[in-house]
Amino acid sequence: MEYDADVIVIGSGALGNNAAYELAKQGKSVIILEAGKSIPRWKITENFRTSPRKNNYNDPYPNAATAPTSFAKDYIENTGSFAYLPGMLKLVGGTTWHWAACAWRYLPSDMKLKSLYGVGRDWPISYDDLEPYYCRAEEAIGVSGRSDEDQSGQGKKNFPPRSKDYPMPSDGINYMTNRMHDRLGKLGYRFVQEPSARPTNQPYDGRPACSGNNNCMPVCPIGSMYSGDVHARHAVKAGAKLLTEATAFKLEKGSGNKIEAVHYRNANGEDKKLTARYFIVAAHGFETPKLLLMSDVANSSDQVGRNIMDHNGLAIQFLADEPLWSGRGTVEEACIVNMRDGQHRRRYAASKHNIGNSVPNMPVAQRLIAQGIFGKELDERIRHDAARWVDISSMFETLPSPSNRVIPHPTKKDALGLPTLSIHYDVPAYTEAAKDIVLRDYRRIAAGMKGEIVNETSEWQNHDHIMGSVIMGKNPADSVVNGECRSFDHHNLFLATTGVIPAAGVVNPTLTGIALSIRIADIIAREV
Amino acid sequence: MIRPFFYRLASVAGMAFCLSLPAMASAGNSHTGDASNPPVIVQKNVVAATPTNGFSSELERGAYLAKAGDCIACHRGNSVTAPPYAGGYAIASPMGSIVSPNISPSKTAGIGNYSEQEFSRAIRKGIRKDGAYLYPAMPYTAYAGLNDKDIHALYVYFMQGVAPVDEKPQAVTKLSFPFNIRLLMSGWNLLFLHDKPFKNNPKVSDEINRGHYLVDTLAHCSTCHSPRNFFMAESSRRYLTGAAVGGWYAPNITPDETEGIGSWSEEEIARYLKTGHVNGKAQAAGSMAEAIEYSLRFLSDADLRAMAAYLKTVAPQNLTGAKQSRFSFETRTPVHMVDIEPVTSRTAAAMSDSGSVDGQLLYENACASCHGRNGEGTADHFYPSLNHNSATGGLVADNLIMTILNGIERKTNDGIAGMPAYSDELNDSQIAAIANYVLTRFGNKAIAPISAQQVADFRANKSDPALLMKMMPWLLSGAGFVFVVIIILGYFRIKGLFHRRRSN
């Protein structure tokens with residue numbers, strides 16, 4: 001049989017493109033399908049600058065009827081107690097266009113949650129299996145960070161273990177972090193720097209060094225921060241073919257339980273079919289299970305679309321008693337990690353406090369204007385408050401539960417005539433149990449900085465880290481893919497998405513997703 | 001892009017067999033892709049700051065001289081992990097790739113069997129041990145001026161200070177006819193190789209003599225900065241007055257106040273050679289960035305000062321009649337926010353449409369984040385100002401266009417400078433629009449407008465050598481005609497001899 005390609009990759013985000021690039025580099029013929037368009041950075045920057053909704057991170061990105069983003073009206077319907085609404089984009093490069101580039105590794109214990117703490121699930125692979133791919137992923141996307149810190153917060157040295165240092169050193173610790181560490185360290189809070197997928201002090205892979213535009217979300221105007229469009233270009237230069245405005249809607253089964261073809265619909269509503277030896281679905285943590293369910297494939301376990309997780313979050317803002325100058329450098333600078341691991345995970349969720357480092361003029365000004373402050377006083381107060389603004393947000397671990405679920409909407413369709421998304425999500429009790437611990441921390445931290453609390457929310461927030469939706473495991477009866485990210489049902493179908501992640505931890509899973517994707521490419525390259 | 005030497009075309013057709021390779025012209029460009037991967041060099045206690053006369057051994061001095069000669073730029077391998085001087089680096093030329101040979105002291109793959117005399121002949125006369133002629137991608141016309149002492153030190157270094165690599169580069173130099181006939185170089189050498197060692201000028205200071213020696217031999221500045229005649233030999237009459245180099249433009253560096261670098265202090269020239277930039281004047285890109293990255297920044301301060309001192313004594317030349325120094329252009333009209341951030345349509349179609357050729361809009365969104373709305377750059381000049389900048393105020397826009405297309409990555413003693421390449425993100429019309437906006441607002445507007453076709457030519461690297469290549473069939477037929485005439489004349493002459501014999 002003649003195939004259109006060795007491998008078809010569905011989705012041109014960071015994960016799909018890294019897999020596509022690795023395969024194309026090894027001489028495999030690769031086609032990438034992308035629902036959205038290819039849009040240059042300058043255009044997104046223009047869209048941002050002219051946007052009247054600067055704090056809506058999806059706003060600079062076109063929301064085409066034929067490639068709706070998650071904020072398209074009615075695209076995501078929520079039926080559970082929590083409105084799960086991540087900022088998903090559809091364009092070449094995917095949602096890493098506005099991801100803020102926190103490039104963490106999981107801890108070895110995150111991947112043995114069940115055996116160590118008796119809750120949730122273990123990964124079917126170990127940290128050691130993934131470690132070399134973490135190194136390759138860090139090199140692929142250019143991560144800067146400190147290799148000498150205990151990122152687990154348990155008073156160890158250099159943890160998790162690394163066989164290579166970060167490709168680039170961190171660009172140092174800013175004034176705000178230093179001051180907060182000086183004052184809160186005494187109370188026992190352990191700080192680590194966020195590893196960040198952006199070059200520091202030097203160009204990397206054609207991207208300039210970060211110069212502190214502090215605009216990682218919604219767009220890095222100079223392309224310093226890594227985003228998936230980088231590897232779309234690399235893949236195309238290595239020989240991959242990129243088809244835009246091509247929304248995959250059906251995977252077709254062939255003989256021997258293999259996936260034989262993908263059907264996609266272009267922006268004119270025309271349907272096309274492409275065949276390949278192998279398929280990688282890298283279409284986002286929600287869209288991937290949707291495509292599998294629409295195609296009635298890979299679901300003998302009935303777990304496709306179930307077990308969805310996020311890092312549900314809380315936040316606090318306060319005005320410290322001294323100027324700290326939030327906003328120097330990247331928007332994510334440092335974290336407090338005391339609760340990232342430990343025996344408490346037997347009883348309640350791990351958590352991590354991110355010390356936000358955005359230029360806070362917008363929320364500061366909004367608050368003051370709402371208080372009726374105008375004119376000269378407004379200018380002075382903006383200067384005063386913005387210098388002292390502290391914004392801490394926390395990410396909580398969640399556990400997989402089959403009832404937390406995404407499905408193709410039973411009735412609603414988008415402009416292409418394809419189903420929209422329906423989500424049911426309740427924050428797990430395990431996560432709820434950690435809430436008071438974190439709120440208590442907030443008050444201690446604010447008091448430690450003699451802060452005036454401006455806003456403290458006990459409402460759960462989205463953190464856009466979709467996991468679990470096509471869960472990975474050892475047992476085909478309760479898992480969608482095995483430790484290779486290969487479908488138990490279809491030997492030639494791989495899923496490159498953070499949706500495979502079975503234990504959530506408390507860190508952005510993107511780097512892990514990229515590491516798994518590079519590993520998928522290696523596995524396929526040996527077989528095709 | 002047509003340079004004056006093409007005007008002499010008609011008179012030289014019959015001399016086509018002397019044609020040399022215009023390889024140097026394209027060599028610089030081919031380097032640019034690799035600048036992020038500086039090769040590891042066998043360091044034998046080379047201390048950059050050591051004055052040249054303060055070396056503890058000939059070997060150490062030879063290592064320093066090899067740096068000064070920038071041998072590694074071409075004789076590196078193709079990968080970052082390749083050992084130093086393993087060769088294999090392909091220097092693109094329109095006639096084909098010239099692959100640099102292994103010059104490590106391997107007896108099987110390198111130059112380990114070269115005697116000092118043979119080594120000297122290769123460097124100063126362009127002739128290999130086996131007698132074959134080198135192409136002038138190897139700057140032997142410049143190295144010809146090296147003194148015997150330095151040749152000796154270089155020989156000691158290459159024989160004892162470099163690890164032998166017993167593997168020849170896999171690729172070989174393959175040039176199109178007639179350039180593949182190395183013997184042609186003998187004719188070219190007769191005309192253009194002046195292989196006399198450098199002589200000190202007793203009328204000037206030792207420092208200026210030292211600088212002159214370095215500029216003309218090891219640093220081979222004129223290789224790029226002097227224009228070339230039709231045979232691609234340097235014009236001594238227009239020494240250092242500027243020339244195109246594989247898309248980039250190596251500008252006039254004579255001390256002329258308007259066209260050259262007369263406005264630079266010696267300290268600034270030396271600092272530029274070390275760091276690759278002088279704020280408010282110029283920054284190195286392309287092959288100059290490489291020359292600094294691989295070679296010049298390792299020279300001692302005394303040597304860099306000497307080069308600067310000498311350059312200030314070169315005959316100033318203003319060949320184009322330039323009236324304003326390329327470092328002095330600036331904008332006087334700041335833009336207003338309302339003009340550059342208009343209310344725009346929020347439809348998906350409008351937000352996806354990246355076809356604009358509005359130079360201001362493109363500049364604002366692709367360039368201004370770093371270079372500033374008014375081209376002012378950043379206060380610390382980490383991102384250079386586009387006002388008072390050689391790239392925007394020059395006589396040609398080559399370097400501006402090449403920089404937008406290919407970006408910059410320059411590692412110097414002052415850190416690594418980088419600008420992304422925009423060849424993927426912007427089309428030819430858009431780059432032309434940005435160039436015209438930049439030239440008109442911040443630079444020499446007299447050289448605008450740049451056309452999309454010009455940008456396309458730079459993108460395709462269609463520079464002078466390509467033109468020369470276009471002339472090749474014609475030149476060859478001309479040469480062939482001359483050859484036939486010679487044979488016919490020779491026939492009649494021989495016939496005449498026979499005739500005379502018979503009549504005797």
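Given the structure is predicted, the values throughout are model-derived calculations rather than measurements. (Residues numbered from 1 in each chain as written. Chains lettered and ligands numbered in written order. Predicted model: local features only at pLDDT ≥ 70, side-chain atom pairs only at ≥ 80, totals over all residues.)

(A) Representation of the pairing of strand 8 (residues 415-419) of chain B within the structure. Residues and elements named next belong to chain B. Both strand 7 (residues 408-412) and strand 8 contribute to a ladder of five bridges, which runs antiparallel. Looking at strand 8, one finds that Glu409 is bridged to Gly418. Between strand 7 and strand 8, which follow one another and run antiparallel, lie two residues. (Pairing = 2+ DSSP bridges. Helix = DSSP H or I, 4+ residues; strand = E, 2+ residues; numbered from the N terminus.)

(B) Quick peek at the UniProt feature "binding site: heme c 2" (unreviewed entry) in chain B. Residues and elements named next belong to chain B. Sites flagged by UniProt as "binding site: heme c 2" (unreviewed entry) map to Cys221, Cys224 and His225. Inspection of the secondary structure puts Cys221 in the loop between helix 8 (206-216) and helix 9 (222-225). On the neighbour-count criterion, Cys221 (25 C-beta atoms within 10 Å) is buried. Not counting residues up to four positions away in its chain, the partners in contact with Cys221 are Val215 and Leu240. Along the chain, the position of Cys224 falls in helix 9. (UniProt positions renumbered as here; feature names shortened; annotations may be inferred. Buried ≥ 20, exposed ≤ 12 C-beta atoms within 10 Å, placed from the backbone. Contact = placed C-beta atoms within 7 Å.)

(C) Structural context of the domain arrangement of chain A. Residues and elements named next belong to chain A. Looking at chain A, the domain boundaries give domain 1 (1-48 + 88-99 + 105-143 + 227-311 + 401-412 + 466-528) and domain 2 (150-223 + 313-397 + 428-461). Summarising the inter-unit geometry, the C-alpha centres of domain 1 and domain 2 are found 30 Å apart. Taken together, the contact pairs 29 residues of domain 1 with 32 residues of domain 2. Mapped by element, the contributors of at least two residues to the side of domain 1 that touches domain 2 are helix 2 (41-49) and helix 4 (127-141). Ranked by the residues each element gives to the side of domain 1 that touches domain 2, the list is headed by helix 4, at seven residues. Classifying every residue of the side of domain 1 that touches domain 2 by side-chain character gives 16 nonpolar, eight polar and five charged. (Domains from an automatic or database assignment. Nonpolar A, V, L, I, M, F, W, Y, C, P; charged D, E, K, R; others polar.)

(D) Here's a closer look at the UniProt feature "domain: FAD-dependent oxidoreductase 2 FAD-binding" (unreviewed entry) in chain A. Per the UniProt record, "domain: FAD-dependent oxidoreductase 2 FAD-binding" (unreviewed entry) is annotated on residues 6-38 of chain A. Along residues 6-38 of chain A, the helical share is 36% and the strand share 27%, with 23 Å between the first and last C-alpha atoms.

(E) Representation of the interface of chain B and chain A within the structure. Opposite the 24 residues of chain B that make contact, chain A presents 27 residues. Mapped onto the side of chain B that touches chain A, the elements with two or more residues apiece are helix 14 (348-352), helix 15 (359-371) and strand 8 of chain B. Ranked by the residues each element gives to the side of chain B that touches chain A, the list is headed by helix 15 of chain B, at six residues. In terms of residue class, the side of chain B that touches chain A is built from 12 nonpolar, eight polar and four charged.

(F) A look at the environment of A:Thr275. Residues and elements named next belong to chain A. Inspection of the secondary structure assignment puts Thr275 in strand 10 (residues 271-281). On the basis of neighbour count, Thr275 is assigned to the partly exposed category, with 17 C-beta atoms found within 10 Å. Along the chain, Thr275 and Gln202 lie 73 residues apart, while their C-alpha atoms are 42 Å from each other. The residues touching Thr275, leaving out its near neighbours within four places in the chain, are Tyr3, Asp4, Glu260 and Ala261.

(G) Summary view of the packing of helix 1 (residues 14-25) of chain A against helix 6 (residues 229-237) of chain A. Residue and element names in this part refer to chain A. Relative orientation of the contacting elements helix 1 and helix 6 amounts to 25°, with a least axis distance of 8 Å. What the angle tells us is that helix 1 and helix 6 run roughly parallel. When you trace helix 1 past helix 6, the crossing you get is left-handed. Here helix 1 contributes Ala14, Asn17, Asn18, Ala20, Tyr21 and Ala24 to the contact with helix 6, which in turn contributes His231, Ala232, His234 and Ala235. Its residues assigned to classes, the contact of helix 1 with helix 6 comprises six nonpolar, four polar and no charged. (Axes fitted to C-alpha atoms, helices over the stretch in contact; angles between N-to-C directions. Parallel < 35°, antiparallel > 145°, perpendicular 65-115°, else oblique. Left-handed = near helix turned anticlockwise from the far one by under 90°.)

(H) Summary view of unusual backbone geometry. Residue and element names in this part refer to chain A. Omega for the peptide link from Phe159 to Pro160 comes to 0°, which places this bond in the cis form. Counting through the fold element by element, Pro160 comes out in the loop between strand 4 (144-145) and strand 5 (168-169). In this structure, Asn201 is a non-glycine residue whose phi angle is positive, near 65°. Relative to the assigned elements, Asn201 resides in the loop between strand 6 (191-193) and helix 6. In this model, Glu245 sits at a positive phi of 50°, which is unusual for a non-glycine residue.

(I) Geometry of the pairing of strand 1 (residues 5-10) of chain A. All names here are of chain A. Among the six residues that make up strand 1, six are buried, leaving the element largely enclosed by the rest of the structure. Relative to strand 10, strand 1 is paired through five bridges, and the arrangement is parallel. For Ile8, the partnering residue across the bridge sits in strand 10 and is Phe279.

(J) Region of interest: the nonpolar core. Residues A:Ile8, A:Ala19, A:Val30 and A:Ile280 are the most contacted members of the largest nonpolar core, which totals 152 residues. Examining the composition of this core, we find that eight residues originate from one element, helix 12 (residues 510-527) of chain A, more than from any other. Split by domain, the residues of this core number at least three in each of domain 1 (1-48 + 88-99 + 105-143 + 227-311 + 401-412 + 466-528) and domain 2 (150-223 + 313-397 + 428-461) of chain A. Core analysis: the second largest hydrophobic core is formed by 112 residues, B:Ala142, B:Leu154, B:Val245 and B:Ala250 among them. (Core = buried A, V, L, I, M, F, W, Y, C linked by C-beta atoms within 7 Å.)

(K) Examining the UniProt feature "domain: Glucose-methanol-choline oxidoreductase N-terminal" (unreviewed entry) in chain A more closely. Here, UniProt's "domain: Glucose-methanol-choline oxidoreductase N-terminal" (unreviewed entry) annotation points to residues 220-311 of chain A. Along residues 220-311 of chain A the backbone is 20% helical and 33% strand, and the end-to-end C-alpha distance reaches 24 Å.

(L) Quick look at helix 2 of chain A. Burial within helix 2 of chain A is extensive, with nine of its nine residues counted as buried. Listed as buried for helix 2 of chain A are A:Arg41, A:Trp42, A:Lys43, A:Ile44, A:Thr45, A:Glu46, A:Asn47, A:Phe48 and A:Arg49. Tucked into the core, helix 2 of chain A has its buried residues touching helix 14 and helix 15 of chain B.

(M) Structural detail: the domain arrangement of chain B. Residue and element names in this part refer to chain B. Per the domain assignment, the segments making up chain B are domain 1 (21-311), domain 2 (337-343 + 352-462) and domain 3 (470-504). Domain 1 and domain 2 are separated by 30 Å when their C-alpha centres are compared. On the domain 2 side, the residues contacting the 27 residues of domain 1 number 23 residues. Secondary structure elements with two or more residues in the side of domain 1 that touches domain 2: strand 4 (248-250), helix 10 (266-275), strand 6 (282-283) and helix 11 (286-294). Broken down by element, the residue count for the side of domain 1 that touches domain 2 peaks at four residues, all from helix 11. Partitioning the side of domain 1 that touches domain 2 into residue classes produces 11 nonpolar, 12 polar and four charged.

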